[in-house]
Amino acid sequence: MPDRILLYTSPGCPDCAAVRRYLQARGVEFEERDITMPGIADEAKMDYGVRVAPITVIGMQAVWGTFADQKPELDALLSKTKMI
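Cut-offs applied
Starting afresh in each chain, residues are numbered from 1 along the sequence in its written order. Under the rules for a predicted model, residues below a pLDDT of 70 receive no local features and side-chain atom pairs below 80 are neither given nor counted, while totals for whole chains, interfaces and linings still include all residues. With hydrogens and water excluded, all non-hydrogen atoms of the structure serve as input to the side-chain values. Joining through side-chain atoms within 4.5 Å is the link that ties buried Ala, Val, Leu, Ile, Met, Phe, Trp, Tyr and Cys residues into a set, and such a set is a nonpolar core. Each residue's exposure class comes from its accessible area (1.4 Å probe, protein chains only) as a fraction of the maximum for that residue type: buried when under 20%, exposed when over 50%, partly exposed otherwise. Counting from the N terminus, the helices are DSSP H or I runs at least four residues long and the strands are E runs at least two residues long. Any two residues whose heavy atoms approach within 4.5 Å are treated as being in contact. At least two DSSP bridges between two strands are required for those strands to pair. The angle between two axes is taken between their N-to-C directions and runs from 0 to 180 degrees, where each axis is a line fitted to C-alpha atoms and a helix contributes only its stretch in contact. Any angle that falls under 35 degrees is termed roughly parallel, while one over 145 is termed roughly antiparallel, one within 65 to 115 roughly perpendicular, and all others oblique. Each crossing gets its hand from how the near helix is turned against the far one by less than a right angle, where anticlockwise is left-handed and clockwise is right-handed. Following the grouping adopted for this structure description, the nonpolar residues are Ala, Val, Leu, Ile, Met, Phe, Trp, Tyr, Cys and Pro, the charged ones are Asp, Glu, Lys and Arg, and the polar ones are all others, Gly among them.

**Remarks on the nonpolar core**
Now for step 1: If you look at the biggest cluster of nonpolar residues, it comprises 14 residues, and the most contacted ones within it are L6, Y8, I35, Y48, I55, V57 and A62.
Now for step 2: Of all the secondary-structure elements, those providing two or more residues to this core are β1 (5–9), α2 (40–48) and β3 (55–58).
Now for step 3: For this core, the leading source of residues is α2, giving four residues.
Now for step 4: Not counting chain neighbours up to four residues away, the residues in contact with A62 comprise Y48, I55, T56 and V57.
Now for step 5: Listed in part, the 13 residues of the second largest apolar core include A18, L23, V28 and V63.

**Some points on the sheet that holds β1**
Now for step 1: Read from one edge of the open sheet, four strands run β2-β1-β3-β4, paired in mixed fashion. Two strands in the sheet have a free side with no partner beyond their single neighbour: β2 (31–34) and β4 (61–64). Adjacent strand axes in the sheet meet at a mean angle of 20 degrees, parallel and antiparallel pairs treated alike.
Now for step 2: Packed onto the sheet, α2 meets β1, β2, β3 and β4 and runs at close to 125 degrees relative to β1.

**Quick word on the packing of helix α1 (residues 14–25) against helix α3 (residues 67–80)**
Now for step 1: Two elements in contact, α1 and α3, have axes whose closest approach is 10 Å; the angle formed by their N-to-C orientations is 25 degrees. When the axis of α1 is compared with that of α3, the two are roughly parallel. For the pair α1 and α3, the crossing hand works out as right-handed. In this structure, α1 contributes D15, A18, V19, Y22 and L23 to the contact, and α3 contributes F67, Q70, K71, L74, D75 and L78.
Now for step 2: Residues belonging to the contact of α1 with α3 are distributed by class as follows: seven nonpolar, one polar and three charged.

**Description of the pairing of β1**
Now for step 1: Here β1 lies mainly inside the structure; five of its five residues are buried.
Now for step 2: Neither face of β1 is left uncovered, since the one carrying I5, L7 and T9 and the one carrying L6 and Y8 both have all their residues buried.
Now for step 3: As defined by bridge partners, β1 adjoins β3 across four bridges and the pair is classed as antiparallel. Opposite L7, over in β3, you have T56 as the bridge partner.
Now for step 4: One ladder, built from four bridges, connects β1 with β2; its direction is parallel. Across the sheet, residue L7 finds its bridge partner in β2, namely E32.

Structure (structure tokens):
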């Protein structure tokens, strides 16, 4: 079974939009959660130690930061899990 992908975003965040486009362009399914919704930022902080979007979770591995910072790790994780 492929690893689950979870994307924590916030409205108007350009890096969030870039990660979303990156995943969509590769045909990768993901669940998106808005950290401005009640309890979602707290969930991200509790589960992954950070509450600033974008946060991309593939399986049990979480990466965060700008899209440029995340992209090399996303490439490696998706390749490793055979999702791209």
